[in-house]
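A closer look at the structure
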Amino acid sequence: MINFVGTPRMETEQLILRKMNSNDTQSVFDHWISDERVTDNRINAAHKSISQTIERVEKIVSGYETKDFCYWGIELKASGDLIGEIDLYDFDPSTGNCEVSYSIGYQWWNQGYGTEALRAVVDFGFRDMNIHKISAAHNTDNPASGKIMGKVGMIQEGIIRDMIRNSKNQYKDCAVWGILQNDYLKKV
Ligand SMILES: CC(C)(COP(=O)(O)OP(=O)(O)OC[C@H]1O[C@@H](n2cnc3c(N)ncnc32)[C@H](O)[C@@H]1OP(=O)(O)O)[C@@H](O)C(=O)NCCC(=O)NCCS
């Protein structure tokens, strides 16, 4: 059974993973959610106005009222900047499985932060929440996302053709990845 404990603060070498709050709204907008270089790799379109982000952050903050909401802002220790977000979602009580998704602001790409955040959340999901399997999918034209999945021990299970249609009405093939709790705990 999944052990829901909400969204606890976690620290890694370079990052703090923490709950978001309304003071983060401008950073969310400026750093990733209005930037098509980031959002083109996700399903939802880039925000055009801060009012969309205010609504989004309000929804996240109200999500924290329930224990089964696991949504972290990613803060860079060195600068205090909020550089991205990562969440566990789609919890399936019948299997104990869930999904993970994440975004890092473009100016912070390729500095190891995505891997560090994903590693922390996968570890938390298996050790603290007793998740059975964590899965994720990335567009095949977004190999960096697959790279970080592989780096934390996830295995590519296949390619699903036209798995999503994005906000620009483009169908995308997606690579589906997963990692099992048993395999993870045996290795670490
Ligand atoms: C995917 C994402 C989170 C990665 O974050 P990040 O902080 O840049 O990740 P890291 O720096 O830890 O690792 C990126 C890896 O991808 C590799 N990479 C980058 N571009 C690549 C490319 N075009 N092809 C192959 N590998 C690539 C980097 O070299 C690095 O691997 P390395 O450490 O072995 O050199 C970030 O690119 C992002 O937010 N993208 C937009 C949103 C998104 O794709 N979300 C996930 C949807 S499934």
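For the structure, check the block above.
1. Quick look at helix α3 (residues 50–63)
Compared with an ideal rise of 1.5 Å per residue, which puts 14 residues at 20 Å, α3 spans 20 Å between its outermost C-alpha atoms and is within 8% of the ideal. Buried residues belonging to α3 abut α1 (25–33) and β3 (70–76).

2. Digging into the nonpolar core
Core analysis: the largest hydrophobic core is formed by 37 residues, its most contacted members being Leu 17, Trp 72, Ile 86, Leu 88, Val 100, Leu 118 and Ile 134. Breaking this core down by element, the ones donating at least two residues are β2 (15–18), β3, β4 (82–92), β5 (97–104), α4 (113–127), β6 (133–139), α5 (143–151) and β8 (171–180). When residues in this core are grouped by element, the largest group, eight residues, is from α4. Sequence-distant contacts of Leu 88, that is, excluding residues within four places in its chain, are made with Cys 70, Trp 72, Cys 98, Glu 99, Val 100, Val 121, Gly 125, Met 129 and Ile 134. Within the second largest apolar cluster, 11 residues are counted, among which are Met 20, Ile 33, Val 38 and Tyr 64.

3. What about the sheet that holds β4?
Strand order in this open sheet of eight strands is β1-β2-β3-β4-β5-β6-β8-β7, and the pairing throughout is mixed. In this open sheet, the two edge strands, each paired with only one partner strand, are β1 (10–11) and β7 (155–165). Where β7 meets β8, seven bridges bridge the pair, whose relative direction is antiparallel. Looking across to β8, one finds that Ile 159 is bridged to Ala 175. Packing of α5 onto the sheet brings it into contact with β5, β6 and β8, and relative to β6 it is tilted by some 160°.

4. Some thoughts on the site of the ligand
Near the ligand lie 22 residues; those nearest to it are Tyr 102, Asn 110, Thr 115, Asn 142 and Lys 151. In the environment of the ligand, an oxygen atom lies 2.7 Å from a nitrogen or oxygen atom belonging to the backbone of Ile 104. Between the ligand and Lys 151 there is a distance of 2.4 Å, counted from an oxygen atom to a side-chain nitrogen or oxygen. Sorting elements by how many residues they give to the shell around the ligand places α5 first, with six residues. Per-class residue counts for the shell around the ligand are nine nonpolar, 10 polar and three charged.

5. Let's talk about the packing of α1 against α3
It is at 9 Å that the axes of α1 and α3 come closest, and there the two elements cross at 115°. Taken together, α1 and α3 sit at an angle that is classed as roughly perpendicular. Once α1 is placed against α3, the crossing between them reads as right-handed. Residues Thr 25, Gln 26, Val 28, Phe 29 and Ile 33 of α1 form the contact with α3, whose participating residues are Ile 50, Thr 53, Ile 54, Arg 56 and Val 57. For the contact of α1 with α3, the residue count by class is six nonpolar, three polar and one charged.

About the thresholds
- Residue indices begin from 1 for each chain and proceed along its sequence in written order.
- The predicted origin of the model limits local features to residues at a pLDDT of at least 70 and limits the giving and counting of side-chain atom pairs to 80 or more, whereas totals for whole chains, interfaces and linings rest on all residues.
- Side-chain metrics rest on all non-hydrogen atoms present in the structure, leaving aside hydrogens and water.
- Segments assigned H or I by DSSP are reported as helices when at least four residues long, segments assigned E as strands when at least two residues long, and all are numbered from the N terminus.
- Working rule for helices: expected span equals 1.5 Å times residues minus one.
- Contacts are residue-level and defined by heavy atoms, with any inter-residue pair within 4.5 Å sufficient.
- Nonpolar cores were defined as sets of buried Ala, Val, Leu, Ile, Met, Phe, Trp, Tyr and Cys residues, with membership established by side-chain atoms within 4.5 Å.
- Exposure classes here rest on a 1.4 Å probe applied to the protein chains alone. A residue is buried below 20% of its type maximum, exposed above 50%, and partly exposed in between.
- A pair of strands counts as paired when DSSP detects no fewer than two bridges linking them.
- Axis definition: a line fitted to C-alpha atoms, over the contacting stretch in the case of helices. Angles run 0 to 180 degrees between N-to-C directions.
- Only heavy atoms are used to decide nearness, and a residue is near a molecule or strand if one of them lies within 4 Å of it.
- Polar contact criterion, stated in full: a pair of N or O atoms within 3.5 Å, where within protein one must be able to donate a hydrogen and the other to accept it, and residues adjacent in sequence count only if both atoms are side-chain atoms.
- In this classification, Asp, Glu, Lys and Arg are treated as charged, Ala, Val, Leu, Ile, Met, Phe, Trp, Tyr, Cys and Pro as nonpolar, and every other residue, Gly included, as polar.
- Roughly parallel refers to an angle under 35 degrees, roughly antiparallel to one over 145, roughly perpendicular to one between 65 and 115, and oblique to any angle outside these ranges.
- Should the near helix be turned counterclockwise from the far one by less than a right angle, the crossing is left-handed, whereas a clockwise turn marks it as right-handed.

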